Amino acid sequence: MGWFRKALVVGATSAMLSAPMLGYQNFMEVKPSPQQVAWQDLEFGVIVHFSTNTFLDREWGDGTASPSVFNPTQFDPDQWMQAIKASGAKYIVLVAKHHDGFCLWPSEQTDYSVKASPWKDGKGDVVGDVARSARKYGLKFGVYLSPWDRHDPRYNNPEAYDKYYLSELEELAQHYGDLVEFWLDGAGSAGHVYNFSKILETLRTYQPNTIVFADTALFEYGDARWVGTESGRVDYENWNVIDRHGYLRWRPIEADTPLRELHWFWHPHDEASLKSLEDLTAIYEHTVGRGAQLMLGLAPDTRGLLPDSDVARLKEFGAAIQRLQTGNLALQHLPASPEAAAALDGNADTFWSAPVGSHHSMLEVDLGKPTSIDRVTTMEWLNDGQHVEKYSIEVWMGNGWKSVASGQAIGHEKMDRFPPVTASRIRLNILSSSQEAHIREFQVYSVVPTK
């Protein structure tokens, strides 16, 4: 994809700044919008690349491909959605226009679109078909509309091109239902300076609840931010509040990576690039398991179908995720206070609150009998902001508590793995919090195989 490699990478550096460096009070007062809370709960989405590049064995189109090459023989978005649903993903973002400028909907703004292709005699609409199929299978739908356009001659005239781009955006925002996410990047551009404030103003006119994703280098007022690489991993403590030149904003991380190594579009004879189940499971634990959103790239082939091998791998991945979420030992805890039980019930809509005004607190689970434990998943209730600054996972060893894992941030979700230990009591020791901590879930697991 390489979308961000020409954009300034500031996400990783900024995300590692501590609260005191940013101005402690202001940092901790930043809270998410209801839309951001709902989006973070989705946890896992896919982005689909399907265009003229698919038929030309390309990753980067130059805008000269004839629309006649776009002619899938068995286009079936229901097949995509069945595979996506099986993977455990909750939403899909479709690349409606990539950098080559070819539009997957019959735009009235240009002839460089599906209406000039032989597919369905020029009467097809990929965006519409995919949007309807996504909702049919209970998946939310979003789009990516590339600002960079290597085909349209208006691109060299900023005023004319901005008008063209905004008109395309209006079509997508008005005709395809609610958009869960609008994807933006800074690839290419060739010196073109985009009017991002006008782009977002136009989008918000028709889609006020859409989450806008972009690298922090593009503009300061997005809703979600890029992780800093295309590896699909978060390699640093994950704080949801980001500092961009002194501008503080709640911008959770989205970590993107393709299902096939280094390839976002389909390519023939490319089976060796398919990521293994072990790789995908590790990616999941290093994204969702570190409080970030996982965005997995999928690519239909020239038939308009996801390859059989990809479908099988997605099904395996979904089963692996299911195993990670099965067998929560905390559900069988011995009697606890109603407040503590709210974090042990497997229901993310309930939560435990530490004593008002506290900066140090503990949440303990008594499993009733010695049990082998090797993993804990903790979720922070973020509606009031992210407050946990340092914590320790500790087990009772008969004569004292022993720390088996620790960290500086919990955020939306944190998975902590550690060597198996046998204990009947385990606790979350919040060593430091900016104000009273709120914990949605404290889940405890024994050894779970990945396959």
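Look up a bit, the structure's there.
Residues numbered from 1 in each chain as written. Predicted model: local features only at pLDDT ≥ 70, side-chain atom pairs only at ≥ 80, totals over all residues. Heavy atoms only, no water.

**Section: the pattern of salt bridges**
Right, on to step 1. In the structure shown here, the tally under the stated rule is 24 salt bridges.
Right, on to step 2. The residue K97 makes a salt bridge to E168 at a minimum N-O spacing of 3.1 Å. Taken together, the residues span a long stretch of sequence, with K97 in strand β2 (residues 91-97) and E168 in helix α8 (residues 158-175) at a distance of 71 residues. The burial state of K97 is the same as that of E168; both residues are buried.
Right, on to step 3. Here the salt bridges share partners, and the residues they tie into one network are K97, D149 and E168. (Salt bridge = Lys/Arg side-chain N within 4 Å of Asp/Glu carboxyl O. Helix = DSSP H or I, 4+ residues; strand = E, 2+ residues; numbered from the N terminus. Buried < 20%, exposed > 50% of the residue type's maximum accessible area, 1.4 Å probe, protein only.)

**Some details on the side chain of S358**
Right, on to step 1. Among the structural elements, S358 can be located in the loop between β11 (352-353) and β12 (361-380).
Right, on to step 2. Owing to a relative accessible area of 12%, S358 belongs among the buried residues under this scheme.
Right, on to step 3. In this structure the side chain of S358 is engaged in a polar contact, spanning 2.7 Å, whose partner is the backbone oxygen of P355.
Right, on to step 4. The contact partners of S358, leaving out residues within four places of it in the chain, are S433, Q435 and E436. (Polar contact = N/O pair within 3.5 Å; in protein donor to acceptor, adjacent residues only side chain to side chain. Contact = heavy atoms within 4.5 Å.)

**Comments concerning the side chain of D223**
Right, on to step 1. With respect to the secondary-structure elements, D223 resides in the loop between β5 (211-213) and β6 (225-226).
Right, on to step 2. Since its relative accessible area comes to 5%, D223 is described here as buried.
Right, on to step 3. Within the local environment of D223, its side chain forms a polar contact with the side chain of R204, the two groups lying 2.5 Å apart.
Right, on to step 4. Those residues in contact with D223 that lie beyond four places of it in its chain are Q36, R204, T210, I211, V212, R249, W250, R251 and P252.

**Things to note about the sheet that holds strand β15 (residues 414-433)**
Right, on to step 1. As summarised here, the arrangement of the six strands in space is β11-β16-β12-β15-β13-β14, forming an open sheet in which the pairing is antiparallel. In this open sheet, the two strands that pair with only one neighbour each are β11 and β14 (401-407).
Right, on to step 2. In this sheet, strand β16 (residues 438-445) lies alongside β11 in antiparallel orientation, the contact comprising two bridges. Directly across from W352, in β16, lies its bridge partner I439. (Pairing = 2+ DSSP bridges.)

**So, the packing of α8 against helix α9 (residues 196-206)**
Right, on to step 1. Viewed as axis vectors pointing N to C, α8 and α9 meet at an angle of 25°, and their least axial separation amounts to 9 Å. In this view, α8 runs roughly parallel relative to α9, as classed from their interaxial angle. Considering only the axes of α8 and α9, their crossing is right-handed. Two secondary-structure elements touch here, α8 through Y165, L166, L169, E170, A173 and Q174 and α9 through K198, I199, T202, L203 and Y206. (Axes fitted to C-alpha atoms, helices over the stretch in contact; angles between N-to-C directions. Parallel < 35°, antiparallel > 145°, perpendicular 65-115°, else oblique. Left-handed = near helix turned anticlockwise from the far one by under 90°.)

**Some thoughts on the nonpolar core**
Right, on to step 1. Counting 70 residues, the largest nonpolar core has W80 and F141 as the members making the most contacts within it.
Right, on to step 2. With six residues, the single largest contributor to this core is α8.
Right, on to step 3. Once residues lying within four places of it in the same chain are set aside, the contact partners of W80 are V48, F50, F75, L94, V130, P300, G304, L305 and L306.
Right, on to step 4. Formed by 28 residues, the second largest nonpolar core is a distinct cluster that contains A340, A343, L363 and F418. (Core = buried A, V, L, I, M, F, W, Y, C linked by side-chain atoms within 4.5 Å.)

**What to know about the packing of aromatic side chains**
Right, on to step 1. If you walk through the whole model with that rule in mind, you get 23 aromatic pairs.
Right, on to step 2. Ring centres 6.2 Å apart and planes at 5° place the aromatic pair F50 and F75 in the stacked group. With F50 in the loop between β1 (44-48) and α5 (52-56) and F75 in the loop between α5 and α6 (77-87), this residue pair connects regions lying 25 residues apart in the sequence.
Right, on to step 3. According to the relative accessible area criterion, F50 is buried, its value standing at 1%.
Right, on to step 4. Ring geometry for Y155 versus Y161: centroids 4.9 Å apart, planes at 70°, classification edge-to-face. Each member of the pair, Y155 as well as Y161, is classed as buried.
Right, on to step 5. Through a chain of ring-to-ring contacts, three or more aromatic side chains come together here, namely F50, F55, F70, F75, W80, F102, Y112 and W119.
Right, on to step 6. Lying over the aromatic face of Y445, R375 brings its terminal NZ or CZ to 4.1 Å of the ring centre.
Right, on to step 7. Geometry around W396 places R425 over its ring, the cationic atom sitting 4.9 Å from the centre. (Phe/Tyr/Trp six-rings, centres within 6.5 Å; stacked < 30°, edge-to-face > 60°. Lys NZ or Arg CZ within 6 Å of the ring centre and 35° of its normal.)

**Looking at the pairing of strand β10 (residues 293-298)**
Right, on to step 1. Most of β10 is tucked away, with six of its six residues classed as buried.
Right, on to step 2. Both faces of β10 are covered, namely the face carrying Q293, M295 and G297 and the face carrying L294, L296 and L298.
Right, on to step 3. Sheet topology note: the β1/β10 ladder contains five bridges and is parallel. Its bridge partner being in β10, G45 is matched across the sheet by M295.
Right, on to step 4. One ladder, built from five bridges, connects strand β9 (residues 253-258) with β10; its direction is parallel. Bridge pairing links P258 to G297 in β10.
Right, on to step 5. Taken together, β9, helix α10 (residues 277-285) and β10 constitute a β-α-β crossover, and its handedness is right-handed. (Right-handed = clockwise from strand over helix to strand, strands pointing away.)

**Describing helix α7 (residues 126-136)**
Right, on to step 1. Buried residues dominate α7, accounting for eight of its eleven residues.
Right, on to step 2. Turning to α7, its buried residues number three or more, namely V126, V127, G128, D129, V130, A131, S133 and A134.
Right, on to step 3. The backbone nitrogen of V127 has a side-chain oxygen 3.2 Å away, supplied by the residue at the start of α7, namely D125.

**Topic: unusual backbone geometry**
Most peptide bonds adopt trans geometry, and most residues besides glycine take a negative phi value.
Right, on to step 1. Even without a glycine there, the phi angle at E43 is positive, about 70°.
Right, on to step 2. The residue E43 is located in the loop between α4 (34-42) and β1 in this model.
Right, on to step 3. Not every positive phi belongs to a glycine, and D121 is a case in point at roughly 55°.
Right, on to step 4. As for its placement among the helices and strands, D121 is situated in the loop between β2 and α7.

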